[in-house]
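For reference, the chains in residue letters:
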Amino acid sequence: MAAMIRLFRSSSAAFSTRRSLSSAAATEFKPRVDPKGRNVQWVFLGCPGVGKGTYASRLSVLLGVPHIATGDLVREELNSSGPMSKQLEEIVNQGKLVSDEIIINLLSKRLESGESKGESGFILDGFPRTVRQAEILNDVTDIDLVVNLKLPEQVLIDKCLGRRICSECGKNFNVATIDVKGENGNPDIYMDPLLPPSHCASKLVTRPDDTETVVKQRLAVYTEKSQPVEDFYRCQGKLVEFVIPGGIPESLPKLLEALNLNENEEKQSAAV
Ligand code: ADP
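Here's a quick rundown of the structure.

**Notes on the site of the ligand**
Next up, step 1: Around the ligand sit 18 residues in total, of which Thr70, Arg75, Lys96, Gly126 and Arg218 are the nearest.
Next up, step 2: Contact distances for the ligand include 2.8 Å between a nitrogen atom and a backbone N or O atom of Gly126.
Next up, step 3: Bound to the protein, the ligand loses 96% of the 540 Å² it would expose on its own.
Next up, step 4: The leading source of residues in the shell around the ligand is helix α4 (residues 70-79), at four residues.
Next up, step 5: Here the shell around the ligand is built from residues that sort into seven nonpolar, four polar and seven charged.

Printed below as a string of structure tokens:
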């Protein structure tokens, strides 16, 4: 992991002098981390509101690796009194992407602090989000598996609008009941709301970027900038596509089965 962080840092430093990493330069960033004898290095892809955080956090418990969401890192920085906070707030609240340089800096810092606490492996959520980010990640380490979660667009919008966060503990909830009739041979989708316990109920807030206008903008940005990342990993044979069939109790066991992780029932119930 230390090697990966070092390489990440050097690739982010290179942004100031080089906008694109030539393949010749990229080879300087090798050797790759040996995949043997280390924890899993997975990526979760999917549109805003699909549930990347929900499923990645549960799998991270099961696999014993940290769940690292770049959106959380951005929000932490934005809520701090740091020099970038105002700039980040504007970008995020318009549904745009933060620069690759800033994201890689935030991610390097997070990996570094995790490593100093003994973390190894990861599930990345929200990174990479551009082909450029995927190329940089590819240059610094091997990703084992990429899970691509899918839901119809109307469900994504309803889920973002129903999202609520406890301002004290940071947990995510959802007040929307999703009940969408399947079209063109697709199955119906039903999801119960994910309601907070009573101690969180009075502390719920919404994300400023979860308005209908900004969600639609984020979905458009996903189609333009992040969908090509799916192709990047599809070509490498690492992409597992998973259409979410319903709420967490129905979907999680099916996801675990799709990922061949359903053998340990005790661990599974801990994750649920
Ligand atoms: P979403 O629900 O849209 O997937 P996230 O919580 O992952 O939201 O991210 C929130 C915001 O943080 C994004 O809209 C974007 O502005 C910024 N962000 C997060 N990850 C990245 C990334 N890898 N590259 C660029 N911007 C990012």
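**Description of the nonpolar core**
Next up, step 1: Phe8, Leu59, Leu111, Leu137, Leu149 and Tyr233 are the most contacted members of the largest nonpolar core, which has 67 residues in total.
Next up, step 2: With near-sequence residues (within four places) excluded, Tyr233 lies in contact with Leu45, Pro128, Ala134, Leu137, Ile143, Val146, Lys238 and Leu239.

**Quick notes on the sheet that holds strand β5 (residues 163-166)**
Next up, step 1: Pairing within the open sheet is antiparallel, and its three strands lie in the order β6-β5-β9. On the outer flanks of this sheet lie β6 (172-174) and β9 (204-205), each paired with one strand and no other.
Next up, step 2: Alignment of β5 against β6, held across three bridges, turns out to be antiparallel. When the sheet's bridge partners are listed, Arg164 is paired in β6 with Phe173.
Next up, step 3: The sheet contacts of helix α8 (residues 153-162) involve β5 and β6, and relative to β5 the element is tilted by about 30°.

**Structural notes on the sheet that holds strand β4 (residues 145-150)**
Next up, step 1: Read across the sheet, five strands follow the order β2-β3-β1-β4-β10 without closing on themselves; strand pairing throughout is parallel. Whereas interior strands pair on both sides, the edge strands pair on one side only; in this sheet they are β2 (67-69) and β10 (239-243). Neighbour-to-neighbour, the strand axes of the sheet open up by a mean angle of 20°, direction not taken into account.
Next up, step 2: Bridge count for strand β1 (residues 41-45) against β4 is four bridges, and the pairing is parallel. Its bridge partner being in β4, Leu45 is matched across the sheet by Asn148.
Next up, step 3: Where α4 meets the sheet, it contacts β2 and β3 (122-125), and its direction lies at approximately 60° from that of β2.

**Regarding the packing of aromatic side chains**
Note on aromatic pairs: each is described by the distance of the centres and the angle between the planes.
Next up, step 1: Following the criterion strictly, the structure yields one aromatic pair and no others.
Next up, step 2: Aromatic pair Phe232 and Tyr233: ring centres 5.1 Å apart, planes at 85°, arrangement edge-to-face.
Next up, step 3: Taking the relative accessible area as the measure of exposure, Phe232 reaches 18% and is therefore buried.
Next up, step 4: Classification of Tyr233 by relative accessible area gives buried; the value is 1%.

Rules used in this analysis
- Residues numbered from 1 in each chain as written.
- Predicted model: local features only at pLDDT ≥ 70, side-chain atom pairs only at ≥ 80, totals over all residues.
- Heavy atoms only, no water.
- Near = heavy atom within 4 Å.
- Polar contact = N/O pair within 3.5 Å; in protein donor to acceptor, adjacent residues only side chain to side chain.
- Areas by Shrake-Rupley, 256 points an atom, 1.4 Å probe, with all protein chains shown as cover.
- Helix = DSSP H or I, 4+ residues; strand = E, 2+ residues; numbered from the N terminus.
- Nonpolar A, V, L, I, M, F, W, Y, C, P; charged D, E, K, R; others polar.
- Core = buried A, V, L, I, M, F, W, Y, C linked by side-chain atoms within 4.5 Å.
- Buried < 20%, exposed > 50% of the residue type's maximum accessible area, 1.4 Å probe, protein only.
- Contact = heavy atoms within 4.5 Å.
- Pairing = 2+ DSSP bridges.
- Axes fitted to C-alpha atoms, helices over the stretch in contact; angles between N-to-C directions.
- Phe/Tyr/Trp six-rings, centres within 6.5 Å; stacked < 30°, edge-to-face > 60°.

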